[in-house]
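Single-letter residue listing:
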Amino acid sequence: MEKNLTTGSVFKNVIFFSLPYLLSYFLQTLYGMADLFIIGQFEDVASTTAVSIGSQVMHMLTVMIVGLAMGTTVSIGQAVGAENRKQAAQDIGNSTTLFLAVSVTLTALLLLLVRPIVSVMSTPEEAVSGTVAYLTICFIGIPFITAYNIISSIFRGLGDSKSPMYFIAVACAANIGLDYLFMGVLRLGPAGAALGTTVSQAISVVVSLLVILKRKSIVLEKTDFKPCRPVMGKILRIGVPIALQDGLIQVAFIVITIIANQRGLHDAAAVGIVEKVISFLFLLPSSMLSTVSALGAQNIGAGKPERAIQTLRYAVLLAVGFGVLVSITIQFTAEQIVALFTDRSTTAGAEVVRLGGQYLRGYIFDCIFAGIHFSFSGYFCACGKSGLSFLHNILAIMLVRIPGVYLTSTLFPATLFPMGLATAAGSACSVLICLIAFAVIQRKAALPQAEG
């Protein structure tokens, strides 16, 4: 399970580590999209809207948990790079204790806030009951979502990105089958989508725990699970800014959803569908963040910062190349993609396809800029400077993304295209801030050498 990534070709390490992560994220996104796709085949626009809104809330919670778990990945990665197995074991044990407490607290709190959350989302009246049912079931399943993501972060910190891919493949297959059972056969609607997601996550956790029991590359003792302030402090110092960053990004998306919801049911459905498509297309940029974090942490822990910078460069090149390619492709295929998630033969479905195509054509350019700032965020995490990731995202959100979406929605009420461009402009702002921060870090690192 443990793999040292501080030697050999940097480019090969990036490719071989990122591919399994890319595939696992693809599978995780696939079963999220499966809910939307399958319910679109059996239910009306109101049910599709309920699942799209509910899944967006769950996506926000999930990425915040993943962001917090980045502290675990980086801490373990640095320990592995420094060949300190005792420290790695303590990081794993304390992470388990910490996230157990987080999952229980979140579950209790969110179950009490289901209806206020649905209200804050400005959910169209036709979709309220479905959204409440979806979120209630998904909130009950938060311990499984948390368990899967913390287990995956531990494996990646140890240099193993393949095992999480296998775990999520099991969940994906189970979810698709359960979706057809719950929504197609039993006609449970949004509640069926939530049941499929929750049960499949539970299955994935059981499989991953069985694998862990069979492997003993890192031997854990009871004392490793006892809360240790320095260990938990480091995990939280790295993870909290990333969780806040990811949460704020999702809050910005939710604000966009609220703006769209206020424009009507068709706009709400169109934006919800496109958000799912974009989350799918963000596979490679997101995999670069995790890759740079894990590989960079091991190399920095091993005293090889130059390899961490090389990792960042390759990640940026791969992400930008991908972003340019999909941005061009989407200009010719936007409506056809949106039509996969609704019935365009109906009047309502045709309107959703038209609006969704507009929004997707503008939004898609975000793939280029997001790939760059995701890679830089991974590097900042590996250096233990995750606060920079939070900084560039909050500035971009507050100064560009939200004001831009609000203004374009007000100025262009007949089209969603400008709203899509506004989201991409937010990421462009993040890129500029990341470049400045990176230049400052490199200049400070060079000063002691120059003085010497």
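Nothing here was measured: the structure is a model prediction, and the numbers come from that model. (Residues numbered from 1 in each chain as written. Predicted model: local features only at pLDDT ≥ 70, side-chain atom pairs only at ≥ 80, totals over all residues. Heavy atoms only, no water.)

Colleague: How do you make sense of the overall build of the chain when you look at a structure like this?
Modeller: Within the chain one finds 16 helices and zero strands. Taken against the 2.2 N^0.38 rule, which gives 22 Å for 452 residues, the C-alpha radius of gyration of the chain at 21 Å falls within 12% of a compact globule. A burial count over the chain gives 58% of its 452 residues as buried. Nonlocal contacts in the chain, meaning residues at least 24 apart in sequence, comprise 83% of its contacts between residues at least 6 apart. Between the centroid of the 28 positive side chains of the chain and the centroid of its 21 negative side chains there is a distance of 11 Å. (Helix = DSSP H or I, 4+ residues; strand = E, 2+ residues; numbered from the N terminus. Rg over C-alpha atoms; globule rule 2.2 N^0.38 Å. Buried < 20%, exposed > 50% of the residue type's maximum accessible area, 1.4 Å probe, protein only. Contact = heavy atoms within 4.5 Å. Lys, Arg positive; Asp, Glu negative; His and termini not counted. Charge placed at Lys NZ, Arg CZ, Asp CG, Glu CD.)

Colleague: Could you clarify how one ought to interpret the packing of aromatic side chains in this entry?
Modeller: Aromatic rings considered in pairs are described by the distance between their centres and by the relative angle of their planes. The tally for this structure, following the rule as stated, stands at nine aromatic pairs. Centre to centre, the rings of phenylalanine 11 and tyrosine 314 are 5.1 Å apart; their planes meet at 65 degrees, and the pair counts as edge-to-face. Residue phenylalanine 11 is found in helix α1 (residues 10–42), and its partner tyrosine 314 is found in helix α12 (residues 305–338); the two are separated by 303 residues along the sequence. Three or more aromatic residues joined by ring pairs form one cluster here, namely Phe376, Tyr379, Phe380 and Phe438. (Phe/Tyr/Trp six-rings, centres within 6.5 Å; stacked < 30°, edge-to-face > 60°.)

Colleague: Is there a simple way to explain the nonpolar core in this structure?
Modeller: Soluble globular proteins: nonpolar side chains tend toward being buried together. Formed by 73 residues in total, the largest nonpolar core has its most connected members in Met58, Tyr134, Leu135, Phe139, Tyr359 and Leu360. No other element matches helix α9 (residues 229–263), which puts ten residues into this core. The contact partners of methionine 58, leaving out residues within four places of it in the chain, are Tyr134, Leu135, Cys138, Phe139, Ile142 and Ile145. Counting 24 residues, the second largest nonpolar core, distinct from the first, contains Ile65, Phe99, Leu158 and Ala171. (Core = buried A, V, L, I, M, F, W, Y, C linked by side-chain atoms within 4.5 Å.)

Colleague: What's the story with the packing of helix α2 (residues 45–81) against helix α6 (residues 142–157) in this structure? I'm lost.
Modeller: Between two packed helices, what matters for the description is the angle formed by their axes and the separation of those axes. Running from amino to carboxyl end, α2 crosses α6 at an angle of 30 degrees, the nearest separation of the two axes being 8 Å. Judged by the angle between their axes, α2 and α6 are roughly parallel. Handedness of the crossing formed by α2 with α6: right-handed. Residue-level inspection shows Met58, Leu61, Thr62, Ile65, Val66, Ala69, Thr72, Thr73, Ile76, Gly77 and Val80 of α2 in contact with α6, the latter providing Ile142, Ile145, Thr146, Asn149, Ile150, Ser153, Ile154, Arg156 and Gly157. In terms of residue class, the contact of α2 with α6 is built from eleven nonpolar, eight polar and one charged. (Axes fitted to C-alpha atoms, helices over the stretch in contact; angles between N-to-C directions. Parallel < 35°, antiparallel > 145°, perpendicular 65-115°, else oblique. Left-handed = near helix turned anticlockwise from the far one by under 90°. Nonpolar A, V, L, I, M, F, W, Y, C, P; charged D, E, K, R; others polar.)

Colleague: Looking at this structure, I do not really get the environment of alanine 194. What am I missing?
Modeller: Its place among the elements puts alanine 194 in helix α8 (residues 190–214). When its relative accessible area of 0% is taken as the criterion, alanine 194 is described as buried. C-alpha of alanine 194 to C-alpha of glycine 54: the two residues are 140 residues apart in sequence and 9.0 Å apart in space. Leaving out residues up to four positions away in the same chain, alanine 194 has contacts with Tyr134, Ile137 and Cys138.

Colleague: Mind showing me how you'd approach the packing of helix α7 (residues 162–185) against α8 here?
Modeller: Between α7 and α8, the least distance of the axes is 8 Å, while the angle of their chain directions is 150 degrees. Between α7 and α8, the crossing angle belongs to the class labelled roughly antiparallel. For the pair α7 and α8, the sense of crossing is right-handed. Residues Phe167, Ile168, Val170, Ala171, Ala174, Asn175, Leu178, Asp179, Phe182 and Met183 of α7 form the contact with α8, whose own contacting residues are Gly192, Ala193, Leu195, Gly196, Thr197, Val199, Ser200, Ile203, Ser204, Val207, Ser208 and Val211. The class makeup of the residues in the contact of α7 with α8 is 14 nonpolar, seven polar and one charged.

Colleague: Looking at this structure, how should I read a nonpolar patch on the surface?
Modeller: A grouping of Leu181, Val185, Leu186 and Leu188 is seen on the molecular surface, where their side chains present a nonpolar patch of about 350 Å² in accessible area. As for its position among the elements, leucine 181 is in helix α7. (Patch = residues over 30% accessible without salt bridge, like charges linked within 9 Å, V, L, I, M, F, W, Y side chains within 5 Å. Areas by Shrake-Rupley, 256 points an atom, 1.4 Å probe, with all protein chains shown as cover. Salt bridge = Lys/Arg side-chain N within 4 Å of Asp/Glu carboxyl O.)

Colleague: Would you take a moment to explain α12 for this structure?
Modeller: Taking 1.5 Å as the rise per residue, α12 with 34 residues should run 50 Å; its terminal C-alpha atoms sit only 43 Å apart, a clear shortfall. The largest bend in α12 comes to about 70 degrees, at phenylalanine 332. (Expected span 1.5 Å × (residues − 1). Bend = angle between axes of the 7 residues up to and from the residue.)

Colleague: Explanation requested: the pattern of salt bridges in the structure shown.
Modeller: Charged atoms that come close allow side chains of opposite charge to pair. Counted under the stated rule, the structure contains four salt bridges. Of the charged contacts in the structure, one is a salt bridge between glutamate 335 and arginine 361, with a shortest N-O distance of 2.7 Å. Of this pair, glutamate 335 sits in helix α12 while arginine 361 sits in helix α13 (residues 347–363), and the two are 26 residues apart along the sequence.

Colleague: Which parts of the structure should I look at to understand the side chain of serine 409?
Modeller: Tracing the backbone through its elements, the reader meets serine 409 in helix α15 (residues 386–411). For serine 409, a relative accessible area of 10% corresponds to the buried category. For serine 409, the contacting residues outside a window of four places in its chain are Ile259, Arg263 and Met419.

Colleague: Help me understand unusual backbone geometry in this model?
Modeller: Leaving glycine aside, a negative phi is the common case for residues, and trans is the common case for peptide bonds. Even without being glycine, arginine 187 reaches a positive phi, approximately 55 degrees. Here arginine 187 lies in the loop between α7 and α8. Of the residues examined, arginine 187 reaches a relative accessible area of 47% and is grouped as partly exposed.

Colleague: Please explain the state of the cysteines as it appears in this structure.
Modeller: Note on terminology: disulfide describes a covalent bond linking the sulfur atoms of two cysteines. Evaluated as defined, the whole model comprises zero disulfides. Cysteine 434 takes part in no disulfide bond, and the closest cysteine sulfur, belonging to cysteine 429, lies 9.6 Å away. Classification of cysteine 434 by relative accessible area gives buried; the value is 0%. (Disulfide = S-S within 2.5 Å.)

Colleague: Explain the environment of glutamate 43 here, please?
Modeller: Mapped onto the fold, glutamate 43 is located in the loop between α1 and α2. Not counting residues within four places of it along the chain, the set of residues in contact with glutamate 43 comprises Arg187 and Gly189.

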